[in-house]
Amino acid sequence: MPINFDHVFYTYSKKTPFEQVGLEDINLSFNDYKFIALVGHTGSGKSTLVQHITGLLLPDKGVVHVDDYVITPKKKENKNIKKIRENVGLVFQFPEYQLFEDTVLKDVAFGPKNFGVSEKETIERAKSAILKVGLDESYFERSPFDLSGGEKRRVAIAGIIAIKPKVLILDEPTAGLDPQGSKKMMQLFCEINKNGTQIIMVTHDMDLVLEYADHVLVMKDGKVAKESSPLDLFSSSDYKELSLDYPCVFAVATELIKKGMKIDLTKIKNLDTLVEEIKKGRDSYE
């Protein structure tokens, strides 16, 4: 689904001592990539940018085009925000804190019901979404407040999936999860992505960027500082100047290359691919 920023500016706490630039002259297209990572240090503008896509924030100047809809600075002109949110789902950093219904099924069904989907289809979507996130039928009538943290997060994500958005925005999706929980969560999002939903992921985790993203947008001081593939970003020296961490597997691979081992960095995506490259390069190293 086409998403374009056209000379977008946004300032927090305007005309106060706390005034701070959120976005400065953003010109951007999200149209050519399936899985986009949005990175940058804290306060760089990442979350501000994605909140403009759903109309949670309105630009001070410029416009945001989301499919055939336009988000403008004038609140009265933004009559299609609800329709945009039906097509663009936003999963907040800790979505489990947004649960409020007395059963899991009711909570997941709230989204499609709110967008006018029939009662029958709403229930079908909710049940399907719960199963998709790895929870079985026994969860339908359970209280979401009695679940573990990881289960609550899955229920919250199911509520977004049930809406069937064309674009899914993830704000630090693995925050607070252990490595195993993080991997399961990312596998879920990859499956959603493969089924045709575009993913925009806000993250500080460069290993996730390297493994899953096909395009990276780097934010700095409210501006887009760099656009590239993950490989091009981490193969250059720019990541240091942009205050980004280095992916752990890339760091290990580059150290082994310095010591004489032949490793193809273009093949490194995660720990498994690193191990495979080490196996191939072992003879050259010895």
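Described in the following lines is the structure provided in the data block. Computed from a prediction, not measured in an experiment: that's the story for all the values here.

Another aspect to go through is the overall build of the protein chain. Across its full length, the protein chain holds eleven helices and ten strands. In the protein chain, which comprises 286 residues, the proportion classed as buried is 47%. Residue pairs in contact within the protein chain that sit at least 24 positions apart in sequence constitute 61% of those at least 6 positions apart. A gap of 3 Å separates the mean positions of the 39 positive and 43 negative side-chain charges of the protein chain.

Below, the discussion takes up the sheet that holds strand E6 (residues 88-91). Taken in spatial order, the six strands of this open sheet run E6-E7-E8-E3-E9-E10, and their pairing is mixed. Bordering the open sheet on either side are E6 and strand E10 (223-228), each of which pairs with just one other strand. With direction set aside, neighbouring strand axes in the sheet form an average angle of 20°. Judged from the four bridges that link them, strand E3 (residues 35-39) and strand E8 (residues 198-202) form a sheet pairing that is parallel. Residue Leu38 lies in a different strand from E8, and its bridge partner there is Val202. Packing of helix H6 (residues 179-194) onto the sheet brings it into contact with E3, strand E7 (167-171) and E8, and relative to E8 it is tilted by some 145°.

Our next topic: helix H1 (residues 46-53). For H1, a buried count of six out of eight residues is recorded, marking the element as mostly surrounded by other parts of the structure. Where H1 is concerned, the buried positions are Lys46, Thr48, Leu49, Val50, His52 and Ile53. Of the residues flanking the end of H1, it is Gly55, one or two places downstream, whose phi is positive at about 80°.

This brings us to unusual backbone geometry. A positive phi angle is found at His7, which is not glycine, with a value near 50°. Mapped onto the secondary structure, His7 falls in strand E1 (residues 3-12). Positive phi outside glycine occurs at Glu172, with the angle close to 50°. Among the structural elements, Glu172 can be located in the loop between E7 and H6.

Moving on, we get to the packing of helix H5 (residues 149-161) against H6. Two measures define how a pair of helices packs: the angle their axes make with one another and the distance between the axes. Between H5 and H6, the least distance of the axes is 12 Å, while the angle of their chain directions is 10°. Classed by the angle they form, the pair H5 and H6 counts as roughly parallel. From H5, Arg153, Arg154, Ile157 and Ile161 reach across to H6, where they touch Lys184, Met185, Leu188, Phe189 and Ile192.

Let us look at H5. In an α-helix, one turn spans 3.6 residues; hence positions three or four apart end up facing the same way. Spanning 13 residues, H5 covers 19 Å between terminal C-alpha atoms, matching the ideal 18 Å at 1.5 Å per step. Burial runs high along H5: ten of the 13 residues are buried. Three or more residues of H5 are buried, namely Glu151, Arg153, Arg154, Val155, Ala156, Ile157, Ala158, Gly159, Ile160 and Ile161.

Attention now moves to the pattern of salt bridges. Overall, the coordinates contain ten salt bridges when judged by the stated rule. Across the salt bridge formed by Glu96 and Arg153, the nearest N and O atoms sit 3.1 Å from each other. With a gap of 57 residues between them, Glu96 in the loop between E6 and helix H3 (104-114) and Arg153 in helix H5 connect regions that are remote in the sequence. Across the pair, exposure class does not vary: Glu96 and Arg153 are buried alike.

As enumerated under the stated definition, the model contains eight aromatic pairs in all. Centre to centre, the rings of Phe35 and Tyr212 are 6.4 Å apart; their planes meet at 25°, and the pair counts as stacked. With Phe35 in strand E3 and Tyr212 in helix H7 (residues 206-212), the pair connects residues that are 177 residues apart, well separated along the chain. Per residue, the accessibility class of Phe35 equals that of Tyr212, and both read buried. Taken together, the ring pairs in this structure connect Phe234, Tyr246 and Phe250 into an aromatic cluster. When the ring centre of Phe9 is taken as reference, the NZ or CZ atom of Lys61 above it lies at 4.5 Å.

Conventions adopted
Residues numbered from 1 in each chain as written. Predicted model: local features only at pLDDT ≥ 70, side-chain atom pairs only at ≥ 80, totals over all residues. Heavy atoms only, no water. Helix = DSSP H or I, 4+ residues; strand = E, 2+ residues; numbered from the N terminus. Buried < 20%, exposed > 50% of the residue type's maximum accessible area, 1.4 Å probe, protein only. Contact = heavy atoms within 4.5 Å. Lys, Arg positive; Asp, Glu negative; His and termini not counted. Charge placed at Lys NZ, Arg CZ, Asp CG, Glu CD. Pairing = 2+ DSSP bridges. Axes fitted to C-alpha atoms, helices over the stretch in contact; angles between N-to-C directions. Parallel < 35°, antiparallel > 145°, perpendicular 65-115°, else oblique. Expected span 1.5 Å × (residues − 1). Salt bridge = Lys/Arg side-chain N within 4 Å of Asp/Glu carboxyl O. Phe/Tyr/Trp six-rings, centres within 6.5 Å; stacked < 30°, edge-to-face > 60°. Lys NZ or Arg CZ within 6 Å of the ring centre and 35° of its normal.

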